[in-house]
Amino acid sequence: MLEIRNIVCRYGKVTALKGISLTVPQNKLVALIGANGAGKSTTLRSISGLVPPVSGQILFKGVDITRASPARILSLGIAHCPEGRRVFPHMTVAENLAMGSYLRRDRAAVETDLERTFEQFPRLAERRRQVAGTLSGGEQQMLAIGRAMMSRPSLILFDEPSLGLAPNIVERTFEIICGIRDSGTTVLMVEQNAYSALEMCDYAYLLETGSMALEGPGEQMISNPHVREAYLGGG
Ligand code: ATP
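Residues numbered from 1 in each chain as written. Predicted model: local features only at pLDDT ≥ 70, side-chain atom pairs only at ≥ 80, totals over all residues. Heavy atoms only, no water.

- Looking at an unreviewed UniProt entry, the chain carries the name ABC transporter related protein, with the source organism given as Ancylobacter novellus.
- Entered under Sequence similarities (unreviewed entry) in the UniProt record, the comment concerning the chain runs "Belongs to the ABC transporter superfamily." (UniProt positions renumbered as here; feature names shortened; annotations may be inferred.)

Okay, here's the thing in structure tokens:
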């Protein structure tokens, strides 16, 4: 579904991605792990059009999106759930969710999806008229996920979904992400929490300072000595 071929991304003189390739097959959950600053967020930003690669190619369902605009990429079916959730703090829960569907023209279906989101996240339904900035971290995470799903994406990108959340909310967030994959939306997830990411994914990639160091099915990565030593606390 998504194919990245040898992309290079720069911020001024800093080369954040030095020619990486990865594939996300349809209906799979692919994890991207690595240390701080390895280039994980940049990979997601390059896919959603926020940091266009200077070379290489990104194909989505066979369409070249390497230099497409973020709006075009969203309209093709890729949603980005950013690091730190980034809900619109002064807008209500319902308004935030509406923002997720702003490119859609099928208004009746949008209403149905909105109601479905409220069924899935009853806490959001109770707070639909509350401004998002007053929600707890966990509620904001649910809102960010709900908002991303409101565009009816076929691929959803998650950047550090567990960051800054209480352990029970982290668990719930991972369950929701697995549920999204199980219901037919393809997932590419960046996670610092390497063990959980490897446990839940179908396939994983390890980024180290802008280059792909290793890849394989999650269980294979968990038993890899280098991964154990550097990312899973040894042992
Ligand atoms: P983190 O988990 O800390 O976000 P990451 O693996 O997602 O780490 P990136 O955020 O993709 O890493 O950063 C990759 C490299 O690019 C780092 O060296 C970082 O300092 C640099 N970088 C990221 N964003 C910018 C920016 N806006 N301007 C300049 N350099 C940047």
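From this point, the discussion proceeds with the structure in view.
Quick look at the sheet that holds strand 4 (residues 55-60)
No. 1: Read from one edge of the open sheet, four strands run 2-1-4-5, paired in antiparallel fashion. Of all the strands in the sheet, the pair left with one neighbour each is strand 2 (14-24) and strand 5 (63-64).
No. 2: Relative to strand 2, strand 1 (residues 2-11) is paired through eight bridges, and the arrangement is antiparallel. Counterpart to Tyr11 in the pairing with strand 2 is Val14.
No. 3: Across the sheet, helix 1 (residues 40-47) touches strand 1, strand 2 and strand 4, and the angle it forms with strand 1 is around 110°. (Pairing = 2+ DSSP bridges. Helix = DSSP H or I, 4+ residues; strand = E, 2+ residues; numbered from the N terminus. Contact = heavy atoms within 4.5 Å. Axes fitted to C-alpha atoms, helices over the stretch in contact; angles between N-to-C directions.)

Some details on the site of the ligand
No. 1: The environment of the ligand is formed by 14 residues, the closest being Asn36, Gly37, Lys40, Ser41 and Thr42.
No. 2: Between the ligand and Ala38 there is a distance of 3.0 Å, counted from an oxygen atom to a backbone nitrogen or oxygen.
No. 3: Here Ser41 contributes a backbone N or O atom positioned 2.7 Å from an oxygen atom of the ligand.
No. 4: Within the complex, the protein chains bury 63% of what would otherwise be the 620 Å² of accessible surface of the ligand.
No. 5: Each residue belonging to the shell around the ligand can be placed in one class, and the counts come to four nonpolar, six polar and four charged. (Near = heavy atom within 4 Å. Polar contact = N/O pair within 3.5 Å; in protein donor to acceptor, adjacent residues only side chain to side chain. Areas by Shrake-Rupley, 256 points an atom, 1.4 Å probe, with all protein chains shown as cover. Nonpolar A, V, L, I, M, F, W, Y, C, P; charged D, E, K, R; others polar.)

Here we look at the nonpolar core
No. 1: Ranked by size, the top nonpolar core spans 43 residues in total, and within it Leu29, Leu124, Leu143, Phe158, Ile177, Val187 and Met189 carry the most contacts.
No. 2: It is helix 7 (residues 167-182) that provides the largest number of residues to this core, a total of six residues.
No. 3: Ignoring any residue separated from it by four or fewer positions in sequence, one finds Ile177 in contact with Leu29, Phe158, Pro161, Val187, Met189 and Met200.
No. 4: Counting residues in hydrophobic clusters, the runner-up holds 26 residues, among them Leu17, Phe60, Leu155 and Leu188. (Core = buried A, V, L, I, M, F, W, Y, C linked by side-chain atoms within 4.5 Å. Buried < 20%, exposed > 50% of the residue type's maximum accessible area, 1.4 Å probe, protein only.)

A word on the packing of aromatic side chains
No. 1: According to the stated counting rule, one finds one aromatic pair in the structure shown.
No. 2: Note on Tyr203 and Tyr205: the rings are 5.4 Å apart at their centroids and 65° apart in plane angle, and the pair reads as edge-to-face.
No. 3: For Tyr203, a relative accessible area of 27% corresponds to the partly exposed category. (Phe/Tyr/Trp six-rings, centres within 6.5 Å; stacked < 30°, edge-to-face > 60°.)

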